[in-house]
Amino acid sequence: MTTVNVIDAPCGYGKTSWAIQYMNDMREESHRFIYVTPFLDEVTRVKESVQSRVFYEPDSINGNTKLEDLHRLLGQGKDIATTHALFQMANFETKDLIRSNNYTLILDEVMNVIEQVPLKKNDLDLLIEANVIDFDVNENGLTYIKWNESKIDYDTEYNHIKQMALTNNLMYCDNSALIWNLPCDIFLLFNDVFILTYLFNAQFQRYYYDLHGIEYRYLSVLKGQNGCNLIPYDSRKIHEKKMLNELVSIYQGKLNAIGDKRNALSTSWFEKSSNKDLVVTLRRNAQNFFANMCKANQSTALWTTVKGNKDNIMKKVKPKSFAKCFIPMTARATNLYKEKYHLAYLINRFMNPIEKKFFEQYGVKVDEDAWALSELIQWVWRSRIREGHPITIYIPSKRMRSLFQLYLTSDDFESPPKGAIVDEPPSDWHL
């Protein structure tokens, strides 16, 4: 039976180096790999770094989609490097090909394994009343959406709903919403699964595994003279917070007043018309921080906020002269910004309330503050702090700033999840 192996360690501790080393050292005839990462530049990095085997990247060629090309490569037993976005499109054919070709999965950073399906107010009622969808409660008490077989040939604006239901990707939440759910059985079709991340304890993928009863071994990684080795999590190198704290200068001053309330700078806060003047103030604060307090320029600055929401919030918040220094608040698993050291995190992260409710309705307890902190840390570690160099950061949200300060002075967030398997990794993983 497949065991999912979570390799949990801070950025820069050697997780990706271990994966590249492992793929280089495994005999080609006995191991086939699928390496999945968020960004195309990391796909390129893996293809160039693994010298002992050839990795192929699915592409839309000869009139085929990337998913069809992925199936072609899987059928040929090729080693594959691809993105989270393509892997999320996996269907029955994908799973059959993975099962029959003995693949190992290396997942660089956690994925979006659930997502609320956008619907208009009465769409769900319409589908139910038209007897187009039905509900199926499985043996674990989880409610899935099924498409009425007699109406499979219907061609409507709800074809995307039909496709998710037919591939067993659609679940029901709180009598009011639909949730896309990556079929959990895909992780059990691999010989081995390795997830490279940090603070998995707080991630949605951890809650998703708990929801579906998927066991996972909790490991860490240690750099040595002969490369990187996997070790039991309890034997990990403890993150030296005192030294880390000395490298991080968090702005403390009157520019923080805008974020004193618990919900200030949340997505809903930005979308309230009554806060439009405060959004202007936030932009001026960020400009003041970069230009006057840090003497930053485009080569040193990095900032983020909500993107793509009401009336394009990101454009309203962008500090003058620093528009090109924006990266999404969800950025992770990239080294493209490792020279940056003047940072502004202009957002207060909260879970999508429907997605949070989705887990809670099945008895899976979530820690929203720990999740928010993990998202902040992933973003901050795109900067040069990952190389052990000092940074200065403006975090106007009092809630987010306090969580970060607590992280820098304690190990409260780094315990393994309850129920995780904490033991020695198999000996053949020590290379």
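Nothing here was measured: the structure is a model prediction, and the numbers come from that model.

The rules behind these values
Residues numbered from 1 in each chain as written. Predicted model: local features only at pLDDT ≥ 70, side-chain atom pairs only at ≥ 80, totals over all residues. Heavy atoms only, no water. Phe/Tyr/Trp six-rings, centres within 6.5 Å; stacked < 30°, edge-to-face > 60°. Helix = DSSP H or I, 4+ residues; strand = E, 2+ residues; numbered from the N terminus. Buried < 20%, exposed > 50% of the residue type's maximum accessible area, 1.4 Å probe, protein only. Lys NZ or Arg CZ within 6 Å of the ring centre and 35° of its normal. Contact = heavy atoms within 4.5 Å. Pairing = 2+ DSSP bridges. Axes fitted to C-alpha atoms, helices over the stretch in contact; angles between N-to-C directions.

**Focus: the packing of aromatic side chains**
Okay, step 1: What the rule picks out here adds up to 31 aromatic pairs.
Okay, step 2: Consider the rings of Y22 and F194, whose centres lie 5.5 Å apart with planes at 70°: the pair is edge-to-face. A residue pair is termed long-range when its members are at least 10 positions apart, and Y22 in helix α1 (residues 15–25) and F194 in strand β11 (residues 192–197) qualify at 172 residues.
Okay, step 3: On the accessibility criterion, Y22 (1% relative accessible area) is buried.
Okay, step 4: Seen in terms of ring centroids, F187 and Y209 are 5.4 Å apart; in terms of plane orientation they differ by 85°. Their pairing is edge-to-face. Of this pair, F187 sits in the loop between β10 (177–181) and β11 while Y209 sits in helix α8 (residues 204–212), and the two are 22 residues apart along the sequence. A single burial state applies to F187 and to Y209, both of which are buried.
Okay, step 5: The structure contains a cluster of three or more aromatic residues connected by ring pairs, namely F187, F200, Y208, Y209, Y216, Y218 and Y233.
Okay, step 6: Directly above the aromatic system of Y13 lies the positively charged group of K237, at a separation of 5.6 Å from the ring centroid.
Okay, step 7: Above the ring of Y407, the side-chain terminus of K241 is found at 4.0 Å from the ring centroid.

**Looking at unusual backbone geometry**
Leaving glycine aside, a negative phi is the common case for residues, and trans is the common case for peptide bonds.
Okay, step 1: Positive phi values are uncommon outside glycine, yet E109 reaches one of about 75°.
Okay, step 2: Its location among the elements puts E109 in the loop between β5 (103–108) and β6 (114–116).
Okay, step 3: Not every positive phi belongs to a glycine, and N131 is a case in point at roughly 60°.
Okay, step 4: Topologically, N131 is positioned in the loop between α6 (123–129) and β7 (133–137).
Okay, step 5: Given a relative accessible area of 43%, N131 falls into the partly exposed group.

**Concerning helix α3 (residues 66–75)**
Okay, step 1: Regarding α3, the residues found buried are L67, D69, L70, H71, L73 and L74.
Okay, step 2: On its buried face, α3 is in contact with β2 (32–37), β3 (55–56), β4 (79–83), α4 (84–87), α5 (92–100) and β5.
Okay, step 3: In the stretch just after α3, G77 is the one whose phi turns positive, near 70°.

**Quick word on the sheet that holds strand β16 (residues 342–345)**
Okay, step 1: Reading across the sheet, the four strands line up as β14-β17-β16-β15 and stay open at both edges, with parallel pairing between neighbours. Across the chains shown, the open sheet's two edge strands, defined by having one partner strand only, are β14 (248–250) and β15 (301–304). Looking at each pair of strands side by side, their axes are set apart by 20° on average, direction ignored.
Okay, step 2: As paired strands, β16 and strand β17 (residues 391–394) are joined by three bridges and run parallel to one another. Residue pairing in the sheet places L343 in a bridge with I393 of β17.

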